[in-house]
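If you want the building blocks of each chain, they are given just below.
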Amino acid sequence: MKIPILRLDRVLLVSIQADLSDNDAMEFQSDLVTRVAEVEALGVAIDITALDVVDSYMARVINDTASMVRLLGAEVVICGVQPFVALTLVEMGRDLLGADCTFNLGEGLALLRQRIAKRGDVRFTEDEDV
Amino acid sequence: MTSLFDQLQDTALLDEWRQGLPATTRSTGLDTRELLAPLYLAIMKELKDHEPPFALAEAPAALTEALRAWVAAPARTGGSPTEPIVALLGLKQLLLREIGARAPAELSTALARFERVFDALTLLTFETFAAVRERLINAQSASLMELSTPVLRLWHQVLLLPLIGVVDTQRASQITESLLEAIVQYEARVTILDLSGVPVLDTSVAQHLMKTIDAARLLGTRIVMTGISPEGAQTLTKLGIRFNDVISRATLRAGIAEALLMVGRRIAPLSGAGTTAVPMGPPVLPTTLPPAMPPRGGQAS
C-alpha cells in the first residue's frame with residue numbers, strides 16, 4: 001500500500017491510515033525523504049490519527065523518518081497520537097517521537113507554520129527564486 | 001662485431017650479472033631470475049641483430065615487455081628509480097669487460113674509462129632531475145591539501161566551510177584545525193558546514209564531522225549544516241548517527257539565510273522596486289534596514 005504524500009506549497013502532508021508492512025514502511029520512508037529533497041520542503045506533518053496500534057518497529061520508522069527529514073532542513077510534527085498509542089509507547093520505554101506532537105492536523109500545521117516563520121530562509125522571501 | 005656478441009650469448013654472464021647486483025637492488029626484487037633472464041636474452045638478441053643506431057621507439061616488443069616487467073617491481077614497492085639503471089649499467093660493465101678482453105689493451109682501457117665517466121654523469125643527471133621534480137610534487141600536493149579545505153569568511157562573524165571530496169582521517173584533522181583557527185581569528189558566531197561536495201556519508205565521515213562540530217561548539221560558535229542529500233540523510237539515520245541540536249538545511253542558500261538571521265542580518269532587495277528590476281541609475285541605498293534583533297549570546301547551543 002503506497003502512502004500518498006500531499007503537498008501544500010512547501011509543506012508536505014502524510015497520513016498513515018493503516019498498519020504498514022515492513023516493506024511498505026521502508027518505502028514510505030524513502031519516498032518521503034526523496035520528496036522532501038525534491039520540493040525543498042520546509043515542513044512535514046505526519047498524521048497518525050488512524051493508527052490504533054503503533055509497535056516498536058513502526059515507532060522507530062517514524063522516529064528515523066523525522067530525523068532524516070530534519071537533516072534535509074525541514075521541520076517535523078507528528079499529529080494525532082491516540083491515547084492508547086501514547087500509553088503503549090511510554091510503557092515500551094521508547095522515546096518515540098523525538099519530534100513534537102500535536103492533537104490534530106490543524107494544530108500540527110499551525111505549529112509548522114509558526115516554526116517556519118522563524119526560519120531565515122523564509123524571512124528573506126523577497127528574492128525567492130523557487 | 002656480430003661474431004663477438006655471438007660468443008657472449010651464454011648464461012654464465014647472466015649469473016655473474018645477477019650475483020653482482022648491489023644489495024639495494026636486491027631488496028626490491030630486481031634480481032628475480034625469472035624477470036632478469038628474458039631481459040638479458042632480449043638485450044643480447046638486440047645487440048646481435050639490430051643495426052645501429054638504436055632508437056627507443058623501434059625497440060622490439062620482446063625487449064620492452066621484458067624491461068617493463070622487470071622495472072615494475074621496484075616502481076610499485078617504492079624503490080628508487082636509479083636502482084634498475086644501476087643494475088643495467090652493471091651489465092654494461094660486464095659486457096664491456098668481455099669485449100675489452102677481445103680488443104687491444106690500449107683501446108679497452110680508454111673505452112672503459114670513457115664509459116664510467118658517462119655512466120656516472122647519466123646517473124647524476126637523472127637523480128638530480130628526479131629530486132627536483134619530487135620536491136615540486138610534494139610542494140604541490142601540500143598546497144592542494146590546503147586548497148581543498150578553505151575556510152571562507154562569508155560575512156562578519158559568519159564562516160563557511162565547503163567540504164569537497166572524500167573526508168579521511170588526515171583531512172578531517174586538518175579541516176578541524178584550520179576551522180578552529182579561523183573561528184577564533186574571526187570570532188565567528190555561526191559556521192556553515194556545506195556537505196554538498198561530499199560524495200559518501202558513512203560512519204567514519206560522520207564521526208569526523210561530529211568531532212569537528214563538537215570542537216567548534218566549544219569555542220562558542222553555532223553550526224549550520226547544509227547540502228545533505230536524501231541518501232546521505234537516510235544513511236546517517238540508519239547508522240544511528242544523530243546530530244543533535246545542529247541546525248540542518250537542505251541547500252547552502254537556506255543555510256546562509258539562517259546564518260545571517262542568527263547574526264541579525266538579512267538579504268533584502270535594493271529599494272521597494274520589483275524583485276526582477278535591476279536599478280539602472282545610481283546605486284539606491286536600502287530602505288529596509290535589518291530587523292532589530294536582540295544580541296544573541298552566541299554561546300547558546
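Placed above this text is the structure.
What comes next is a walk through the structure. (Residues numbered from 1 in each chain as written. Chains lettered and ligands numbered in written order. Predicted model: local features only at pLDDT ≥ 70, side-chain atom pairs only at ≥ 80, totals over all residues. Heavy atoms only, no water.)

**Details of the overall build of chain A**
Then, in step 1: Across its full length, chain A holds five helices and five strands.
Then, in step 2: Its helices and strands taken in sequence order, chain A reads β-β-α-β-α-β-α-β-α-α from the N to the C terminus.
Then, in step 3: Counting only residues that meet the buried cut, chain A has 48% of its 130 residues in that class.
Then, in step 4: Long-range pairs, those at least 24 residues apart, make up 75% of the contacts in chain A between residues at least 6 apart in sequence.
Then, in step 5: Just so you have it, chain A exposes about 6300 Å², and 53% of that area is on carbon and sulfur atoms. (Helix = DSSP H or I, 4+ residues; strand = E, 2+ residues; numbered from the N terminus. Buried < 20%, exposed > 50% of the residue type's maximum accessible area, 1.4 Å probe, protein only. Contact = heavy atoms within 4.5 Å. Areas by Shrake-Rupley, 256 points an atom, 1.4 Å probe, with all protein chains shown as cover.)

**Quick word on the packing of aromatic side chains**
All names here are of chain B.
Then, in step 1: In the structure shown here, the tally under the stated rule is two aromatic pairs over all chains.
Then, in step 2: An angle of 50° between the planes, with centres 6.2 Å apart, marks the rings of Trp17 and Trp70 as tilted. Placement of Trp17 in helix 2 (residues 11-19) and of Trp70 in helix 5 (residues 61-77) is noted, with a sequence separation of 53 residues between them. Neither Trp17 nor Trp70 differs from the other in exposure class; each is buried.
Then, in step 3: A centroid spacing of 5.2 Å and a plane angle of 40° characterise the contact between Phe114 and Phe118, whose relative ring orientation is tilted. You can see Phe114 and its partner Phe118 sitting in helix 7 (residues 105-147), four residues apart, about one turn around the helix.
Then, in step 4: Taking relative accessible area as the criterion, Phe114 reaches 48% and is therefore assigned partly exposed. (Phe/Tyr/Trp six-rings, centres within 6.5 Å; stacked < 30°, edge-to-face > 60°.)

**Focus on the pattern of salt bridges**
Then, in step 1: Scanning all chains against the criterion turns up 18 salt bridges over all chains.
Then, in step 2: Between A:Arg10 and A:Glu40 there is a salt bridge whose closest N-O contact spans 3.7 Å. Pair noted here: A:Arg10 is in the loop between strand 1 (5-8) and strand 2 (11-15) and A:Glu40 is in the loop between helix 1 (22-39) and strand 3 (43-47), with a separation of 30 residues, a long-range link.
Then, in step 3: By relative accessible area, which is 19% here, A:Arg10 ends up buried.
Then, in step 4: The partner of B:Arg102 in a salt bridge is B:Glu98, and the shortest N-O contact between them spans 3.5 Å.
Then, in step 5: Taking the relative accessible area as the measure of exposure, B:Arg102 reaches 41% and is therefore partly exposed.
Then, in step 6: Looking at B:Glu98, the relative accessible area reads 18%, which means it is buried.
Then, in step 7: Here the residues in one salt-bridge network are A:Glu75, A:Asp100, A:Arg115 and A:Arg119, joined through shared partners. (Salt bridge = Lys/Arg side-chain N within 4 Å of Asp/Glu carboxyl O.)

**A closer look at the environment of A:Val39**
Residue and element names in this part refer to chain A.
Then, in step 1: With respect to the helices and strands, Val39 occurs in helix 1.
Then, in step 2: Through-space distance from the C-alpha of Val39 to that of Arg7 is 9.0 Å; in sequence the pair is 32 residues apart.
Then, in step 3: Those residues in contact with Val39, other than ones at most four positions away along the chain, are Arg7, Arg10 and Leu12.

**Here we look at empty space enclosed by the protein**
Residues and elements named next belong to chain B.
Then, in step 1: Evaluated as defined, the whole model comprises three cavities of 30 Å³ or more.
Then, in step 2: Counted as a void, the largest cavity has a volume near 50 Å³.
Then, in step 3: In this structure, the largest cavity is lined by Leu161, Leu163, Val167, Ala172, Ile175, Leu193, His208, Leu209 and Thr212.
Then, in step 4: Contributing elements (two or more residues each) for the lining of the largest cavity: strand 2 (158-164), helix 8 (169-186) and helix 9 (203-218).
Then, in step 5: Taken together, the residues of the lining of the largest cavity sort by class into seven nonpolar, two polar and no charged. (1 Å grid on protein atoms, 1.4 Å probe; cavity = no way out; pocket = protein on both sides within 12 Å on 5 of 7 lines; lining within 4 Å. Points joined across faces, edges and corners; volume = space filled by probe spheres on them. Nonpolar A, V, L, I, M, F, W, Y, C, P; charged D, E, K, R; others polar.)

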